[in-house]
Structures are given as structure tokens and as C-alpha cells.
Amino acid sequence: MAHGDPLIEVRDLVKHFPITKGLIRAKQVGAVQAVDGVSFDIREGETLGLVGESGCGKSTTARLLTRLLDPTSGTIEFRGKDIASLSRKELKPFRRDMQMIFQDPYSSLNPRKTVGSIISEPFIIHEPSVGEKDRKCRVQELMEQVGLNPEHYNRLPHEFSGGQRQRIGVARAIALKPKLIVADEPVSALDVSIQAQILNLLRDLQRELGLTIVFIAHDLSVVRHMCDRIAVMYLGRVVELAGADELYNHPRHPYTGALLSAVPVPDPRLAKAKVRQVLTGDVPSPTNPPSACRFHTRCPKVVMGKCDVDDPALDPKEGGNLAACHFPLSDREVATQVPTAAA
Ligand code: SF4
């Protein structure tokens, strides 16, 4: 699919959560550097994947994009207007254009409200002049659009399965025909058999409604067929950004290579032929991240004296991928180490 101009331009986005101490928590003693200088564009109509291990900053980035969190610094231009510094009141007209789908369909729905009233909420907030009868009609149309039975309008969330509950979340998110949907691990709480149904639903809705989607996942195998481009995050930074096929077939950052090494491959002969890169150690603490290249404490290609001193920029590498690395993976390394790569 051809994609248009940038819908969102993110530049040098930073979110540090202060760590305080003292009786009234008045003294700041440090900060969790959840997002630290992230820049990327999201084009109209595309799906951008944000991928990385837990704690890499992808969910914080999602909440910053939709302004559920206030950034510490940086800009988020939505159709040319910087929304990063707008007040809650100034944000209201933008809110209807940016909706989120949350990971856990069990906790993101109010258990005491009927499905009808849950999906009605966006209309009540943003289109209060719409009468009750019209509203019910629109909600039932939405229920049908996402594959729910409109006759279940008065049922409570616990009367639905996990997949159906996520459909309720999707219906609520598309109610106002937003431009942007940020889906934060929308299938990771679901059974594998249900995941594909929700992914297909999102793809169908994207085509029908011309949606732009930011799709967050910790698992690279989920995003491959969903995303046009993928940004890989590590410890609050984007370390590689490329088209989905380029990223899978020719990863340049050693971290992306290691993540792809962990993706199961259905062909055992192909899997056996590759030398898997297994990441050792835990992700370092975002309160005290490693110097320069933050991956240098776990990187199989690290060159001390360079990688721990000189912070690599996110620059174009061979094949066009943007990668923040002084010694990116060569085609030969990719061919021998990455099971998903073309042999
Ligand atoms: Fe590894 Fe060095 Fe590249 Fe960082 S800059 S990813 S430590 S090779």
C-alpha cells in the first residue's frame, strides 16, 4: 500500500520519571529514563511496529503519542501541530483523532457497564448532541463492524470471551473514526488461536477506514505481517528502523539480529543451519543505563573503547535500514545467524 505524508513526526522525545525520596517526596534522587531521545515519523495509512523487550520504553512511547503521558521534552507534531506541550483543554479536539487499544481486554473494560454504554462513551464525551436513539444505532453498527452481535448491546463484559472483549475495545477505539490507533500489545493476552482473528480485524478496519496504526509488541513474529515498517527499541531508544521485509531479511543492528534469532522457524533444517545469537544477561536498569551504546553490555559485537565511549547515531546502513551501531551486521553474519533471513 502506498502511504502519504507523515501524520505524526516525533523528534527527540524524552520521558524521565523522577525518583524521589524524603517524607513529602520533595527530593529528586534520580530518574527512570523510560524514553530517551526517540525520533521517527508515522506516515498516513501505514502500520508502524514498535518492538522490544519489556522495559524498553515502547508502551511509554505509545502513551506519549496519545498524550496519556506528558513528555519531559521533545516534540510530537500531529499534522504539523506540536501537541507535546498542549494543555488538557487544548488537546481535546485532537483526542478524537488518536485512540488507544490496550493490552488487557479484561481490565480495560468497566465490568459494571454494559457493552452498549462502554462503546457509547466516546460519543457522550465528544458528540454530546447526538441523541440516545441515534447513539444506540451507531453503537450497534460498530458492534456489527467488529464482528459482535448487536443484540448483545446490554450484556456485561464478563459475558464475552477474551477475543470478543478485545473486539469491544476495538469498537470503542474506532467509534469516532480516528486518524490514528495506537494498539499496545493488543493480542498478547489472548490465546494464539484468537490472535490471528484480532490481527485480521485490525487490518480490515485499517483498509476500510484508512487508519494509521502504531502496533506495539514484544514479539517480532507477531508484527511481521501486520506492519509496513518496524522500529526496534532498546532501553528507551530506537536502535533500528526499517521496512518489515528489510528488517527481517537484513537486520543491521546486533540487537535486532538477536531478537530474530529467538523467533521460532517452522523449517527445522533451516533453523539448524543457523548459529543462534542468544542474548545473555538482563536488560540494564533504565535508572542507570550503560554509557554511549546502551546495548554494549550485552552485544556480541562490542568493541570496548569505541562502543562504550562513542554514542552511535541512528544512521542509514547498507540496504537502507536506519541503525544505531558502529559495527552493523554484514550480509554474511545475517545469513549465518538469523533464522528468518533469506539463505
Ligand atoms: Fe554492539 Fe557496538 Fe553496535 Fe552497540 S555500537 S550495537 S555495542 S557493535
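A quick note: this is a predicted structure, and the numbers were derived from the prediction, not measured. (Residues numbered from 1 in each chain as written. Predicted model: local features only at pLDDT ≥ 70, side-chain atom pairs only at ≥ 80, totals over all residues. Heavy atoms only, no water.)

A few points about the nonpolar core
- Membership of the largest hydrophobic core comes to 58 residues, with the highest contact counts inside it found for Ile 119, Val 146, Ile 168, Phe 215, Leu 220, Val 223 and Ile 230.
- Those residues in contact with Phe 215 that lie beyond four places of it in its chain are Thr 47, Leu 48, Gly 49, Leu 50, Ala 183, Pro 186, Leu 199, Leu 202, Val 222, Val 223, Met 226 and Cys 227.
- Core analysis: the second largest hydrophobic core is formed by 31 residues, Leu 48, Leu 65, Phe 78 and Val 214 among them. (Core = buried A, V, L, I, M, F, W, Y, C linked by side-chain atoms within 4.5 Å. Buried < 20%, exposed > 50% of the residue type's maximum accessible area, 1.4 Å probe, protein only. Contact = heavy atoms within 4.5 Å.)

Regarding the sheet that holds strand 8 (residues 212-217)
- If you trace the eight strands from one edge of the open sheet to the other, you get 6-7-8-3-9-10-12-11, paired in mixed fashion. The outermost strands of the open sheet, each flanked by one partner alone, are strand 6 (98-101) and strand 11 (315-316).
- Relative to strand 7 (residues 180-184), strand 6 is paired through four bridges, and the arrangement is parallel. Opposite Met 98, over in strand 7, you have Leu 180 as the bridge partner.
- The sheet contacts of helix 9 (residues 254-261) involve strand 9 (229-234) and strand 10 (237-243), and relative to strand 9 the element is tilted by about 105°. (Pairing = 2+ DSSP bridges. Helix = DSSP H or I, 4+ residues; strand = E, 2+ residues; numbered from the N terminus. Axes fitted to C-alpha atoms, helices over the stretch in contact; angles between N-to-C directions.)

Section: the side chain of Lys 317
- Mapped onto the fold, Lys 317 is located in the loop between strand 11 and strand 12 (322-323).
- Among buried Asp, Glu, Lys and Arg side chains, Lys 317 stands out as unpaired, with Asp 315 the closest opposite charge at 4.6 Å. (Lys, Arg positive; Asp, Glu negative; His and termini not counted. Salt bridge = Lys/Arg side-chain N within 4 Å of Asp/Glu carboxyl O.)

Details of the packing of helix 3 (residues 115-126) against helix 4 (residues 132-145)
- Taken N-terminus to C-terminus, the directions of helix 3 and helix 4 make an angle of 115°; their axes are 9 Å apart at the nearest point. Judged by the angle between their axes, helix 3 and helix 4 are roughly perpendicular. Crossing of helix 3 over helix 4 shows right-handed handedness. Along its contact with helix 3, which presents Val 115, Gly 116, Ile 119, Ser 120, Phe 123 and Ile 124, the element helix 4 presents Arg 135, Arg 138, Val 139, Leu 142 and Met 143.
- For the contact of helix 3 with helix 4, the residue count by class is seven nonpolar, two polar and two charged. (Parallel < 35°, antiparallel > 145°, perpendicular 65-115°, else oblique. Left-handed = near helix turned anticlockwise from the far one by under 90°. Nonpolar A, V, L, I, M, F, W, Y, C, P; charged D, E, K, R; others polar.)

A short note on the environment of Ala 34
- Note that Ala 34 resides in strand 2 (residues 27-43).
- With 167 residues separating them in the primary sequence, Ala 34 and Leu 201 have C-alpha atoms 31 Å apart.
- Not counting chain neighbours up to four residues away, the residues in contact with Ala 34 comprise Lys 15, Phe 17, Cys 56, Gly 57, Thr 60 and Gly 236.

Things to note about the sheet that holds strand 2
- Read from one edge of the open sheet, four strands run 2-1-4-5, paired in antiparallel fashion. In the strand order of this sheet, the two ends are held by strand 2 and strand 5 (81-82), each with one partner.
- Direction of pairing for strand 1 (residues 6-21) relative to strand 2: antiparallel, over a ladder of 13 bridges. Across the sheet, residue Ile 19 finds its bridge partner in strand 2, namely Gly 30.
- Each of strand 1, strand 2 and strand 4 (73-78) is contacted by helix 1 (residues 58-65), which is oriented at about 70° to strand 2, the strand it contacts most.

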